[in-house]
Amino acid sequence: MRHQQGVSYIAILFAIIGLAFMAKALIAVWGPYLDDRLLDKQIEEQLLNGPKNISPAKFSQEMGRRLEMNNVRDLKFSDVAQVTNVDGLQVKKDYEIRKPFLLNIDIVLKFEKSFDQSSVQAK
């Protein structure tokens, strides 16, 4: 029993530094992931409830309005997705976000997903 001393101050310091590092990483990626999930939900909702013969330009305009209404101001729909109308409306989302993390280290988040109006409506 005389040789057991418990946790040292250096171990506590390393634990605090580790937790701060993880918290900083979580804070850096939380916002873009939340915005991406909201973008996916809005695309699926528009494909499900929107008219079948909507033009790609009108779809992009409606998505821009929906994103602004949901307070997603960092993403512009025309910059992150391409809308085509070949055998039904198809949306291909492909973009990346760089967030500064620590000194000259950046976190790169890449988001890719494809949506097809017929498959969304079949769910």
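Our structure's up above, just so we're on the same page.
The rules we used
- Residues numbered from 1 in each chain as written.
- Predicted model: local features only at pLDDT ≥ 70, side-chain atom pairs only at ≥ 80, totals over all residues.
- Heavy atoms only, no water.
- Phe/Tyr/Trp six-rings, centres within 6.5 Å; stacked < 30°, edge-to-face > 60°.
- Helix = DSSP H or I, 4+ residues; strand = E, 2+ residues; numbered from the N terminus.
- Buried < 20%, exposed > 50% of the residue type's maximum accessible area, 1.4 Å probe, protein only.
- Pairing = 2+ DSSP bridges.
- Axes fitted to C-alpha atoms, helices over the stretch in contact; angles between N-to-C directions.
- Contact = heavy atoms within 4.5 Å.

> Lay out the packing of aromatic side chains in plain terms, naming residues and giving numbers.
Scanning all chains against the criterion turns up four aromatic pairs. With 5.2 Å between their ring centres and 80° between their planes, Phe-21 and Phe-101 make a pair best called edge-to-face. Remark: Phe-101 occurs in strand S2 (residues 89-102) and Phe-21 occurs in helix H1 (residues 9-49); sequence separation between them is 80 residues. Since its relative accessible area comes to 10%, Phe-101 is described here as buried. Ring geometry for Tyr-33 and Phe-111: centres 5.2 Å apart, planes at 80°, overall edge-to-face. Placement of Tyr-33 in helix H1 and of Phe-111 in strand S3 (residues 105-116) is noted, with a sequence separation of 78 residues between them. Since its relative accessible area comes to 43%, Tyr-33 is described here as partly exposed. Judged by its relative accessible area of 4%, Phe-111 falls in the buried class. Aromatic rings pair up to connect Tyr-33, Tyr-95 and Phe-111 into one cluster.

> Requested: an account of the sheet that holds S3, with residues and values cited.
One open sheet holds the three strands; their spatial order is S1-S2-S3, and the pairing between them is antiparallel. Each edge of the sheet is formed by a strand with only one pairing partner; in this case those strands are strand S1 (81-85) and S3. Averaged over all pairs of adjacent strands, the angle between strand axes in this sheet comes to 5°, irrespective of strand direction. Note that S2 and S3 share twelve bridges and pair antiparallel. Within S3, the residue paired with Ile-97 across the bridge is Leu-109. Helix-sheet contacts for H1 involve S2 and S3, and the interaxial angle to S2 is about 165°. Relative to S1, helix H2 (residues 56-69) is tilted by about 145°, and along the sheet it contacts S1 and S2.

> Mind laying out the pairing of S2, listing which residues take part and the relevant values?
Pairing geometry for S1 and S2, over five bridges, is antiparallel. Its bridge partner lying in S2, Thr-84 is registered against Gln-90. In textbook terms, the turn of a hairpin is the stretch between consecutive antiparallel strands, and for S1 and S2 this stretch comprises three residues, one of which, Asp-87, has a positive phi near 55°. In sequence, S2 turns back onto S3 through a hairpin of two residues, with Leu-103 there showing a positive phi of about 55°.

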